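Take a look at the letters that make up each chain.
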Amino acid sequence: RFFDSFHRHLSSPGTAILKREEPPTGSEEPGLPGNRKTFSEVQKERHEQAQRSILISCPKKVPEKRLLKHLCQHGEITNHFFFESFGIHAVIEYSKKESIASLQDSTFIPHGETEFPIPFKSRFFNINLKNPSNQISDGTLVQCSDQSSPSNVDLVEMLCNAESVEGQIITLMRILQVTEENIRLRYLTCSLIEDIAAAYFPACTVKPFGSSVNSFGKLGCDLDMFLDLDDIGKNSAAKTAGSFSMEYQVKNVSSERWATQKILSVIGECLDNFGPGCVSVQKILHARCPLVRFSHQASGFQCDLTANNRIALKSSELLYIYGTLDSRVRALAFSVRYWARQQALTSSIPGAWLTNFSLTIMVIFFLQKRSPPIIPSIDYLKNLAGAEDKCIIEGNDCTLVSNLDRIKPSLNTETLDILLCQFFEYFGNFAFNKNSINIRKGKEQNKPDSSPIYIQNPFEPTLNVSRNVNENQLERFVHLARESAWILQQEDKSQLSKSSSHPWGLAALLLPSGLNKSKAKKPGKGPTNETIRKLLESIKADSAKRSTATREK
Ligand code: GTP
Ligand code: MG
């Protein structure tokens, strides 16, 4: 039923915008069993693809064909795209890594008159036309792939053109989710950082984690990456014959945390001093999880580099598994996360609010609690695991089945509109004062302490993922959840005409909360809808003014 309405939605009028590619969840048709890649297979493939890729800053009007022909001198190009971020950039993927060495051999290090270059040969280049005035005429403007999401006003308008709440939920996900190109750019950025870190640790890898890889990524989300030095240790484990054993002379420090801080400190310095495109580098080494934060200007990503963070990568795998098992998981999580952001329940500034990670776990828990369940518990995923999946990190059993075809599909056929309304109803009435949310068991349990909301960490059972959330924020969440459930139920009863000028369904939940209340009291009545329409228009006019002003700066 879900896929029926999915396809109906795709072919409905006014949905031309939906022609985005599916995100590479590793499955041709997410949610369908049979052809799903394991998380580590996807990681490996993407990592290798990124190592064969380069980033180029191009002139404004670049003749695409000539550019490709020029770059083809070094080998076959299998993929390319352009995007805009502080000018036009291209990502070029060669079929072989060797092509990049050949390209680097024919590339100069520029010498300015007043500035001195640091001669670091990276995979980030500038390309200039030797004779711009002759060549522009035969080059059409390149098409740039979109790397940012639309404004809330535009999104609300697009949602109003859908046919049903379920259609809106799917539309929202397809518009906001990271695109194939954006994912490639994320892996390429990690790979460029890996080259810099490799100056110190030649066999290291820099791996993306968090929403860039867990299938819940939204265009514009940060790029979480971690420096993995574990493989260096593994390589030295090969046994040799003879009467001696050899080991490396190393410096020792008194704790693993200190080692992590030292390593991140030098990598941070290195990014700051030598990393092309890396700006605003901040070392945040005394945080619970030490990190280096910086902007990668060329790709436009805000990056958080950590080290020694295997549990976070495992959490990303867990979310990836749930996101791949049933298409309703991602769809619902995208709506809930976006709703929370619009209602200021989440923020980009750290504080006492809920995080996207906590909200995703709440969605997973809710779907585990449906009857019949839509997704299984973590314990179930662990019990299906083979010997090759065994994984212990810092004393915690993080074993998960990697072959997703071993997991039986759910018999639950509930539609997304029902699930969204029920999600709000469920958490609007959840006994947060008594119970904790536990996705390992798929059941609520007695709360072990007095935090306002307790969400058990999936892999470190003594930790609360939402320990930062205060009473006030939890109350706001509960209040808004109840209000949203109510609005969706009211609309269900009244036969509102669904039109683009009257925000309805999911679109109505994305407006400031005060407006929703008045709308729900008088569904379909002129003045209220008129107010909303006027507000939308004024926000739109405002944002148009703002964007013109920004462009003019
Ligand atoms: P965005 O908000 O879209 O960036 O979502 P995200 O999932 O990437 O979250 P964030 O960047 O805050 O954190 C990155 C990853 O770190 C998450 O996906 C989790 O794997 C992990 N993480 C974040 N917060 C917590 C937490 O409170 N506890 C635990 N155990 N892991 C966390
Ligand atoms: Mg993130």
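In this text the structure is predicted, and so the values were computed from the model without any measurement.

Quick one: what's the story with helix α3 (residues 64-72), residue by residue and with numbers?
Along α3, the residues that are buried comprise Leu67, Leu68 and Leu71. Across the axial projection of α3, the buried residues extend over an arc of 95°, all falling on one side. Exposed side of α3, more than 90 degrees from the buried face: Lys65 and Lys69 are the residues found there.

Report on the sheet that holds strand β8 (residues 291-296), specifying residues and quantitative values.
Across the sheet, five strands lie side by side as β5-β6-β9-β8-β7; this open sheet has mixed pairing. Strand pairing shows two members of the sheet lacking a second neighbour, β5 (205-209) and β7 (278-284), which therefore form its edges. Each neighbouring strand pair of the sheet contributes to a mean axis angle of 25°, computed without reference to strand direction. Contacting β5 and β6 (223-228), helix α11 (residues 310-325) runs over the sheet at an angle of about 45° to β5.

Outline the packing of helix α2 (residues 39-51) against helix α8 (residues 180-197), listing residues and values.
Two elements in contact, α2 and α8, have axes separated by 8 Å at closest approach and are oriented at 70°. What the angle tells us is that α2 and α8 run roughly perpendicular. Contacts from Gln43, Arg46, His47, Gln49, Ala50 and Gln51 in α2 reach Glu180, Ile183, Arg184, Tyr187, Leu188, Ser191 and Glu194 in α8. Its residues assigned to classes, the contact of α2 with α8 shows four nonpolar, five polar and four charged.

Help me get a handle on the site of ligand 1, residues and values and all.
Around ligand 1, the structure places 14 residues, and the nearest of them are Ser211, Asp222, Asp224, Asn356 and Asn457. In this structure, Asp222 approaches ligand 1 through a side-chain N or O atom, which is 2.8 Å from an oxygen atom. Relative to its free-state accessible area of 600 Å², ligand 1 is covered by the protein chains to the extent of 78%. Counting residues per element, the ones that place at least two in the shell around ligand 1 are α11 and α13 (356-368). A class-by-class count of the residues in the shell around ligand 1 yields five nonpolar, six polar and three charged.

Give me the lowdown on the pattern of salt bridges, citing residues and values where you can.
When the charged atoms of two side chains with opposite charge come close together, those side chains can pair. According to the stated counting rule, one finds 21 salt bridges in the structure shown. A salt bridge links Lys369 to Glu444; its shortest N-O distance comes to 2.6 Å. Taken together, the residues span a long stretch of sequence, with Lys369 in the loop between α13 and α14 (378-383) and Glu444 in the loop between β12 (435-436) and β13 (445-446) at a distance of 75 residues. With relative accessibility at 31%, the residue Lys369 sits in the partly exposed group. When salt bridges that share partners are traced, they join Lys207, Asp228, Asp230 and Arg310 into one network.

Tell me what's going on with the sheet that holds strand β2 (residues 77-84), and back it up with residues and numbers.
The mixed open sheet is built from four strands, whose spatial order is β2-β3-β1-β4. The open sheet has two edge strands with one neighbour each: β2 and β4 (124-126). Each strand of the sheet is rotated relative to its neighbour by a mean of 25°, with strand direction disregarded. Here strand β1 (residues 53-58) runs beside strand β3 (residues 88-94); their pairing, made up of six bridges, is antiparallel.

Break down the coordination of the magnesium ion (ligand 2) for me, with residues and values.
Those protein atoms acting as donors to the magnesium ion (ligand 2) are Asp222 (OD) and Asp224 (OD), and they sit at 2.1 Å. Given the relative accessible area of 13%, Asp224 is considered buried.

Which residues make up unusual backbone geometry, and what values go with them?
In the segment running from Ser371 into Pro372, the intervening peptide bond is cis, with an omega of -10°. Located in the positive-phi region is Ser215, a residue other than glycine, with phi close to 80°. If you trace the backbone, Ser215 turns up in the loop between β5 and β6.

Which residues make up the layout of surface pockets, and what are the values?
For the second largest pocket, the calculated volume is near 1,500 Å³. Lining the second largest pocket are 41 residues, and of these Thr107, Phe108, Phe125, Asn126 and Ile127 sit closest to its centre. Those elements that provide at least two residues to the lining of the second largest pocket are β1, α3, α4 (98-105), β4 and α10 (256-274). In the lining of the second largest pocket, the residues fall into 21 nonpolar, 16 polar and four charged.

Pulling in residues and values, what's your account of the packing of α11 against α13?
With their axes 12 Å apart at the nearest point, α11 and α13 run at an angle of 45° to one another. What the angle tells us is that α11 and α13 run oblique. Classified by chirality, the crossing of α13 by α11 is left-handed. Contacts between α11 and α13 pair Ser315, Leu319 and Tyr322 from the former with Phe357, Thr360, Ile364 and Gln368 from the latter. For the contact of α11 with α13, the per-class residue count stands at four nonpolar, three polar and no charged.

So what's going on with the side chain of Ser122? Which residues, and what values?
Relative to the elements of secondary structure, Ser122 occurs in the loop between α4 and β4. Polar side-chain contacts of Ser122 include one of 3.1 Å to the backbone nitrogen of Phe124. With residues near it in sequence (within four places) discarded, Ser122 still touches Gln104 and Pro276.

Cut-offs and rules
Residues numbered from 1 in each chain as written. Chains lettered and ligands numbered in written order. Predicted model: local features only at pLDDT ≥ 70, side-chain atom pairs only at ≥ 80, totals over all residues. Heavy atoms only, no water. Buried < 20%, exposed > 50% of the residue type's maximum accessible area, 1.4 Å probe, protein only. Helix = DSSP H or I, 4+ residues; strand = E, 2+ residues; numbered from the N terminus. Arc of directions from axis to C-beta. Pairing = 2+ DSSP bridges. Axes fitted to C-alpha atoms, helices over the stretch in contact; angles between N-to-C directions. Contact = heavy atoms within 4.5 Å. Parallel < 35°, antiparallel > 145°, perpendicular 65-115°, else oblique. Nonpolar A, V, L, I, M, F, W, Y, C, P; charged D, E, K, R; others polar. Near = heavy atom within 4 Å. Polar contact = N/O pair within 3.5 Å; in protein donor to acceptor, adjacent residues only side chain to side chain. Areas by Shrake-Rupley, 256 points an atom, 1.4 Å probe, with all protein chains shown as cover. Salt bridge = Lys/Arg side-chain N within 4 Å of Asp/Glu carboxyl O. Donors = N, O, S within 2.8 Å, 3.2 Å for Na, K, Ca; no water. 1 Å grid on protein atoms, 1.4 Å probe; cavity = no way out; pocket = protein on both sides within 12 Å on 5 of 7 lines; lining within 4 Å. Points joined across faces, edges and corners; volume = space filled by probe spheres on them. Left-handed = near helix turned anticlockwise from the far one by under 90°.

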